[in-house]
Amino acid sequence: MLSQISKHLISCAILSVMGVVWWMSGSRLCSLSMGTGLCMTWRGSWRSVFVALCTIRRDLMCLIVILKVRISMYRHKRNKSTIPALFAQMVALNPDKPALIYEATGEVWSFRELQERSHAVAHWARDQGWTEGQVVALFLESHPVVVALWLGLAMVGVEAAFINHNLRQHSLSHCIGVSGARALVFGTEVTTAISTVIDSLQPGMVLFSVGGQKDEETLSGKQVQSLDTLLSRSPTHPPSYKLRKEFHDRLFYIYTSGTTGMPKAAIVVHSRYYRIAAFGFHSFGLCPEDVVYCCLPLYHSAGTIMGVGQCLLFGLTVVIKRKFSASRFWDDCVKHNCTVIQYIGEICRYLLAQPVGPSEARHRVRVAVGNGLRPSVWEEFVQRFRIQRVGEFYGATECNCSLINIDGQVGACGFNSRLLPSFYPIRLVRVQQDNTALLRDSQGLCIPCQPGEPGMLVGRIDHKDPLRRFDGYADRESTNQKIEHDVFKMGDSAYVSGDVLVMDEYGYMYFRDRSGDTFRWRGENVSTTEVEGVLSGLLGHTDVAVYGVSVPGVEGKAGMAAIAPAGGQIDLEAFLSAVQKALPSYARPVFLRLLPSVDTTGTFKIQKTRLQSEGFKPQDIGDKIYFLNRRAGGYEAVTDELFSSIVEGKVSL
């Protein structure tokens, strides 16, 4: 029945598109008799027809995916399904098939074993007296036990909060605190980090350790129980508990990266988990026989939803890597016969920076799924590693305006149909350059961007539509900050992504910058993301962070590039020569900072806050800073005297 509905809707869509094309061509042809003044309009209409013909296949491919996901989500909502219940269906189909493989030890968990371990967690949670809606924080490195923990908690309605295992001190205590967790489960590998914040934890919080501790211990005077011991005594049969939660209820919390402030706990409901994983499965040609190589952290949605979700919901095998290793990447893929890899941020660039090895020619990987693949390395990555398909997508954990690049358009993170733009209500809208506030027309509505014009991505909120929901964050204030009203029409609400993208005339979307990253210099807008890509390519895929710095008495912000060159040095003369050929004058870095490494998050997003605050003042920590002296025609070291001269306006920029 559902397949018949799907075919009917697709047929209607095809007819609608054909009708639009016919109307656009036919109606304008009739207007020719109205005079030569309409000649340009006629030509423009035929350009629209050309765009429609070029994009109709892509749009229909995406329409089919959306229909598949919508229909399955409607069925799961009607059946009051949850992620644990859908996983149980996969276990029944593939009880002895490998579900998770831990690459570090070669440990293999079958679907049945993963379910039994999750059952043990569920029984343990019930024995603790926790009830539906209560929260347990998880602070561990990537390991299959992380999956068993959150899945087992979900079986009895307890919500996990995934804490980034790289966090320390204030950021760590903040994330544990905002989750409202009643208990904390941590790996013994992060015991030292916990000891530094233990006094700031909520009174009465119960502590459990995983990975080595055999008996009850104390940490800074606090009692710590061995979860390994407790779970070894816990039953592995299904808990005799009827879950009250349904498809749109809370599953767990995943934190934002914190690149623009303290991390926020984003709410992930069961339907959102399904939606993200299902779009990945249907959009990029995955199948149950695939083996996914997941080297991404499991505290991140890309790892625990887009990656592990393929296992739990669609029966794929997932190889979990404790930590990304560029040198071991292709060896691991060959060893485990991986057919799908995940990437995020700078992973693809790191792989290209590795010397050529035999494993990169022997792997069976055909699909790479992820986001943040720079256009400057896209084609080189595909050609060198023989990747048949790149499944690039855009979307934060909490957003309702996700995009998918379904046809492999180089550099695009997704698209929006030019023929039926309202079918998926997202939009790029104009923003103020300085503070990225949304610009509005005389009626108070946001102003849509034209093709080629950068703008903020927004998505209309509709809580009745599972694809348009915005479930927000654990705290109401953070949620409200991401919502704007009167965007598409008066009285509506929309999620504001905070990211600046640009759309071409075919509807393809290209990531430009995170909100606030673009800066203005010499009357021009400079995209830090684009300049980073160019400079990194010139330096053999070296880490580069580009940002704008204020100079007293000078309008705008001067470009500065923090570079971590191999060997700690670069040929400044050759570098400037290459930059002059590759970048317009306003985009060339006025200042350079050479440092041992560029700060990144656990998901390889570049951290610029500290670098921006330190500016171009000579550093006491050994970093070398250079200034582009245009009159002298080269970069020169910034001394205390030169710094003072620049600040006092004695040296012209």
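Look a little higher up for the structure.
Just so you know, these numbers come straight off a predicted model, no measurement behind them. (Residues numbered from 1 in each chain as written. Predicted model: local features only at pLDDT ≥ 70, side-chain atom pairs only at ≥ 80, totals over all residues. Heavy atoms only, no water.)

Chemist: What exactly am I supposed to notice about the nonpolar core here?
Modeler: Soluble, globular proteins show a tendency: their nonpolar side chains are buried together. Membership of the largest hydrophobic core comes to 115 residues, with the highest contact counts inside it found for Trp-124, Trp-150, Val-185, Phe-252, Tyr-273 and Leu-312. Excluding its chain neighbours within four sequence positions, the residues that come into contact with Leu-312 are Leu-86, Phe-87, Met-90, Leu-114, Val-147, Trp-150, Leu-151 and Tyr-273. In this structure, Ile-563, Ile-570, Val-579 and Leu-611 belong to the second largest nonpolar core, which totals 43 residues. (Core = buried A, V, L, I, M, F, W, Y, C linked by side-chain atoms within 4.5 Å. Buried < 20%, exposed > 50% of the residue type's maximum accessible area, 1.4 Å probe, protein only. Contact = heavy atoms within 4.5 Å.)

Chemist: Even after reading the chapter, I still don't get the packing of helix H15 (residues 528-538) against helix H16 (residues 572-582), so can you show me in this structure?
Modeler: For any two helices packed against each other, one specifies the inter-axial angle together with the distance between the axes. Running from N to C, H15 and H16 point in directions that differ by 135°, and their axes come no closer than 10 Å. With respect to H16, the axis of H15 lies oblique. Helix-helix and strand crossings are classified by hand; for H15 and H16 the assignment is right-handed. Together, Val-534, Leu-535 and Leu-538 of H15 and Phe-575, Ala-578, Val-579 and Ala-582 of H16 make up the contact between the two elements. (Axes fitted to C-alpha atoms, helices over the stretch in contact; angles between N-to-C directions. Helix = DSSP H or I, 4+ residues; strand = E, 2+ residues; numbered from the N terminus. Parallel < 35°, antiparallel > 145°, perpendicular 65-115°, else oblique. Left-handed = near helix turned anticlockwise from the far one by under 90°.)

Chemist: What exactly am I supposed to notice about the environment of Gln-115 here?
Modeler: Within the secondary structure, Gln-115 sits in helix H4 (residues 111-127). Residues Gln-115 and Val-91 lie 24 residues apart in sequence; the distance between their C-alpha atoms is 7.5 Å. Sequence-distant contacts of Gln-115, defined by excluding residues within four places in its chain, comprise Phe-87, Ala-88, Val-91 and Met-155.

Chemist: What is the right way to look at the pattern of salt bridges in this model?
Modeler: If charged atoms from side chains of opposite charge come close, those side chains can pair. If you walk through the whole model with that rule in mind, you get 24 salt bridges. In this structure, Arg-58 and Asp-59 form a salt bridge, with 3.0 Å as the shortest nitrogen-oxygen distance. Of the two residues, Arg-58 and Asp-59, both sit in the buried class. We note a salt bridge from Asp-543 to Arg-349, for which the minimum N-O separation is 2.6 Å. Here Asp-543 is found in strand S25 (residues 543-549), whereas its partner Arg-349 is found in helix H12 (residues 347-352), with 194 residues between them in sequence. One salt-bridge network, held together by shared partners, links Glu-103, Lys-321, Arg-328, Asp-331, Asp-332 and Lys-335. (Salt bridge = Lys/Arg side-chain N within 4 Å of Asp/Glu carboxyl O.)

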